[in-house]
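Fold and contact review
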Amino acid sequence: MKENIPRQTFLLSKRWQLTEEKSINGMGVDASVYKNLYPHLFQPLRLKGLIMKNRIMSAPNMLFHTVDGRPTQYYISYLEHKARGGAGLVTLGEIAVCDGASHTPPMQWTWDNLPLFGEMAAAIHEHGALAAVELVHGGMRANPRYNTVPIKGPVACVNHLGAEVQAMTVEDMEHVADAFAEAAAFWYHAGFDAVLIHAAHGWLIPQFLSPLINKRTDEYGGSLENRMRFPLAILRRVRERVGDSKVIMLRLSGSERHPEGFTTDDIIAFLEKAQQYVDLAEISTEGVTNYFAITYSPWGQNVELAAAIKAAGKINIPIFTIGSIMSPEQAEDIIASGKADGVSMSRALLADPFLPKKAALGRADDIVPCLRCLNCTDSDNARRHLVCSVNPLIGREARLGFADTIGKANRRLKVLVAGGGPAGMQAAVTAGERGHNVILCEKSDSLGGLLKLLSRDSLKKDLRRFLEYLLRRVAVAGVEVRLNTEVNRELVAAEAPDAVIVAVGSLPLVPDSIKGIEKAKHITSAYQEPDSAARKNIVIIGGGLAGVESGLHLANLGKKVTVLEMLPDYATEAGNVYRLGLQAKAKEFGLTIITGARCLEVADGSVRYKKDGRESEVECDAVYYATGMVSYTEPYFDLADTAPFVIPVGDCKQAGKIDGAIHSGYFAALDLGML
Ligand SMILES: Cc1cc2nc3c(=O)[nH]c(=O)nc-3n(C[C@H](O)[C@H](O)[C@H](O)COP(=O)(O)O)c2cc1C
């Protein structure tokens, strides 16, 4: 049943236009009245005998949710969620092809476990997507912990884990090529439509392609032709084993991004030969900080590699590209401009698996933006269950349901939210969407909290997008917003809500043992003060994530920034991969970070510190401290007895990063009404 709802009640993407005034249904739009704004993105693609319904590949994202090598229901539902969101193809990540190949705990793809893998493929197929599986061999970067045979690669060496690596013999190569072929046959049998052979990110195949690594003196090393020999043999073996009708895809680095590494021309030459065996190539890149570009990096970092490969005019198979493809507009432009034939998205679809469906419905404004904070990768690397900062559901569908199945609460409650930062906004949005009657109070004159300040960071476009998204969601979730309103006992008594969600944030920890600290300001002031050209030399006391990231922002504004950190290392609370990106940026921006430096005094025009028993001084014209935040809990304790449910969320509950704010706000609101 369609209702006649006035058009202006919907926040539609600017790129969608009504061709005529017609009724709009609750899902957004009557498709007949819209013109397709992403015609290239939603053009189907034929892959052998299969149809990929659009040009969006959900990239491989392994989940560590396995037990004894078997996927759990969490894993199956996670893949289903991605398919449910509308991607044309969903890829199961990193299946090691044989003993000796694993760099992570391997999935046991034995015949006994076949029904579980079949279920993975079925869960993807049920939503009209193609199911692909990525096959990998870690080569010299395999982890001895997860293999029973010696680690082998192109050359003998000691790997990044300190493990002895043996050079592969020709027999070893034969064995590995057979293993890829056997694995492909197995996974097609399990019901998967395609295999994606991993020839990127430093694993076995790029190890052989790399002139930096592959110093073999036999016919498998040296010249490009020799370095390609084994990778091509693998592809040929797979094709021979599975026959012409099956879809084989390649995840390939378009460049080694090193002056002496393989070039895009090398890759074109490789693909020219490989294309007889494979049906599609997805172009990524080498170097972990390159393929996992963090929030400071430009979007679409590999698009130009794909474009160069296409422009060579020698490759006849579809070329996809991956790497910070964050919006349907961006994806459409890439394909429309002929730079690639399709896109592959990883983090953007973790943040919102429904990106494709929302784009198709003209609801791009509703897509949850990825922050490229790498919380996902770092939780993944730490082998915890996947955590996305902005999508509390991802990976937990088996327990919580899918984003489109969480409906209205079974009871409509009156909810008062105190504090309009990220946690408060998220709680208000989720409560509003669940049908509760929500009042969101903010004591300042605008919503956003800390996010409002931090999103002014000159380098954090992704964070700004997220704030704008939250503000839009608040506007459409039926939430009554009261600015300049502090929640106190009187207000709660007057409103008589069923629940009060307390999201009043945190307070800076002032390092008051430092002499003269009153001359310094909290780091948030750096985002509030109008930029003064007079302030040229800045010292930040505290080299945690907040101090270092703010330092990057100030350096980007042209300041000379010195960060003093007491610990032996900086930004230690950042995950490994994010930290690598941060380190690269700190170097690029000429940020001086002095670790092991205990700050002694903030004087006029300088800061005195002690390192290795010696006192030193840095001259400066502004000093900020970023020495931590502490939960602001008083309002919570004050309000705790004012309503049946009084729930602290965000920094008020535990001072931390954005994921804590979003998740606690979301779950507090989700929990309401379950009586
Ligand atoms: C949580 C997580 C797991 C990943 N697992 C895999 C994997 O199993 N295989 C793989 O080739 N790449 C994996 N990647 C890398 C992505 O496929 C992709 O190359 C990378 O995230 C860059 O794309 P993006 O900018 O769209 O996120 C993973 C990435 C994330 C964030």
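See the structure above.
In short, a report on the structure. Nothing here was measured: the structure is a model prediction, and the numbers come from that model. (Residues numbered from 1 in each chain as written. Predicted model: local features only at pLDDT ≥ 70, side-chain atom pairs only at ≥ 80, totals over all residues. Heavy atoms only, no water.)

1. Some remarks on the site of the ligand
The test is simple: We call a residue near a molecule or strand as soon as one heavy atom of that residue lies within 4 Å of the molecule or strand. Definition of a polar contact: a pair of N or O atoms within 3.5 Å, with one able to donate and the other able to accept a hydrogen when the atoms are protein atoms, and with sequence-neighbouring residues admitted only if both atoms are side-chain atoms. Areas reported as accessible are Shrake-Rupley estimates using a 1.4 Å probe. Residue values count occlusion only from the protein chains shown. Helix and strand assignments follow DSSP, with helices taken as H or I runs no shorter than four residues and strands as E runs no shorter than two, numbered in order from the N terminus.
Near the ligand lie 22 residues; those nearest to it are Glu134, His198, Arg251, Ser324 and Arg347. Here an oxygen atom of the ligand and a side-chain polar atom of Arg251 are 2.8 Å apart. In this structure, Ser346 approaches the ligand through a side-chain N or O atom, which is 2.9 Å from an oxygen atom. Contact with the protein chains removes 97% of the 610 Å² of surface that the ligand exposes when unbound. Secondary structure elements with two or more residues in the shell around the ligand: strand 6 (89–96) and helix 12 (375–381).

2. Overview of the sheet that holds strand 10 (residues 164–167)
Consider a sheet: its strands pair through backbone hydrogen bonds, and that pairing is either parallel or antiparallel. Note the following rule: Two strands form a pair only when DSSP identifies at least two bridges running between them.
Pairing in this open sheet of 3 strands is mixed, and the strands run 8-10-9 from one edge to the other. A strand with exactly one partner marks an edge of an open sheet, and here the two such strands are strand 8 (151–153) and strand 9 (157–158). Pairing geometry for strand 8 and strand 10, over 3 bridges, is parallel. By the bridge assignment for strand 10, Lys152 is matched with Gln166.

3. Description of the pattern of salt bridges
So the rule is basically this: By salt bridge we mean one thing: a side-chain nitrogen of Lys or Arg within 4 Å of a carboxyl oxygen of Asp or Glu. Only protein chains enter the accessibility calculation, which uses a 1.4 Å probe; a residue whose area is less than 20% of its type maximum is buried, one above 50% is exposed, and one in between is partly exposed.
As enumerated under the stated definition, the model contains 29 salt bridges in all. Glu601 is the salt-bridge partner of Lys515, the closest N and O atoms lying 4.0 Å from each other. Of this pair, Lys515 sits in the loop between strand 20 (506–508) and strand 21 (521–522) while Glu601 sits in strand 25 (residues 597–603), and the two are 86 residues apart along the sequence. As a salt-bridge pair, Arg608 and Glu615 come within 2.6 Å of each other at their nearest N and O atoms. Residue Arg608 is classed as partly exposed on the basis of its relative accessible area, which comes to 25%. A relative accessible area of 48% means that Glu615 is categorised as partly exposed. A single network of salt bridges, built from pairs that share partners, joins Arg363, Asp366, Glu433 and Arg473.

4. What about the sheet that holds strand 17 (residues 437–441)?
Selection rule: Between N-to-C directions, angles cover 0 to 180 degrees, with each direction set by a line fitted to C-alpha atoms, over the stretch in contact for helices.
Pairing is parallel in the open sheet, where 5 strands are placed in the order 18-17-16-19-30. A strand with exactly one partner marks an edge of an open sheet, and here the two such strands are strand 18 (479–482) and strand 30 (645–648). Each strand of the sheet is rotated relative to its neighbour by a mean of 15 degrees, with strand direction disregarded. Here 4 bridges tie strand 16 (residues 414–418) to strand 19 (residues 499–502), and the two strands are oriented parallel to one another. Of the residues in strand 19, the one forming a bridge with Ala418 is Val502.

5. Things to note about the pairing of strand 12 (residues 247–253)
Formally: Look down the strands so they point away from you; if going from the first strand over the helix to the second traces a clockwise path, that crossover is right-handed.
Burial of strand 12 is extensive: 7 of the 7 residues sit out of reach of the surface. With 6 bridges connecting them, strand 11 (residues 194–199) and strand 12 associate as parallel partners. Its bridge partner being in strand 12, His198 is matched across the sheet by Arg251. Taken together, the 5 bridges between strand 12 and strand 13 (residues 280–284) define a ladder with parallel strand orientation. Across the sheet, residue Met249 finds its bridge partner in strand 13, namely Leu280. After leaving strand 12, the chain enters helix 6 (residues 264–274) and then returns to the sheet as strand 13, a path that is right-handed.

6. Quick notes on empty space enclosed by the protein
The gaps left among the atoms become clear once a water-sized probe is rolled over them. The condition that has to hold: Put plainly, a pocket is an open set of points on a 1 Å grid over the protein atoms alone with protein on both sides within 12 Å along at least five of seven lines, a cavity is a set where a 1.4 Å probe fits but cannot get out, and a lining residue has an atom within 4 Å of a point. Grid points are joined across faces, edges and corners, and a volume is the space filled by probe spheres set on the points. When residues are sorted by character, Ala, Val, Leu, Ile, Met, Phe, Trp, Tyr, Cys and Pro go into the nonpolar class, Asp, Glu, Lys and Arg into the charged class, and all the rest, Gly among them, into the polar class.
Per the counting criterion, the structure on display carries 4 cavities of 30 Å³ or more. Size it by volume and the largest cavity reaches roughly 90 Å³. Secondary structure elements with two or more residues in the lining of the largest cavity: helix 10 (347–351) and helix 12. Ranked by residue count, the leading element in the lining of the largest cavity is helix 10, at 3 residues. Taken together, the residues that form the lining of the largest cavity break down as 9 nonpolar, 2 polar and 2 charged. If you add up the space inside the second largest cavity, you get close to 70 Å³. Tallied by class, the residues present in the lining of the second largest cavity amount to 8 nonpolar, 2 polar and 1 charged.

7. Examining the environment of Ala179
How we decide: Two residues qualify as a contact provided that any one of their heavy atoms is within 4.5 Å of a heavy atom in the partner residue.
On the secondary structure map, Ala179 appears in helix 3 (residues 170–189). We classify Ala179 as buried; its relative accessible area is 7%. Discounting residues that sit within four places of it in the chain, Ala179 has contacts with Val97, Cys98 and Trp109.

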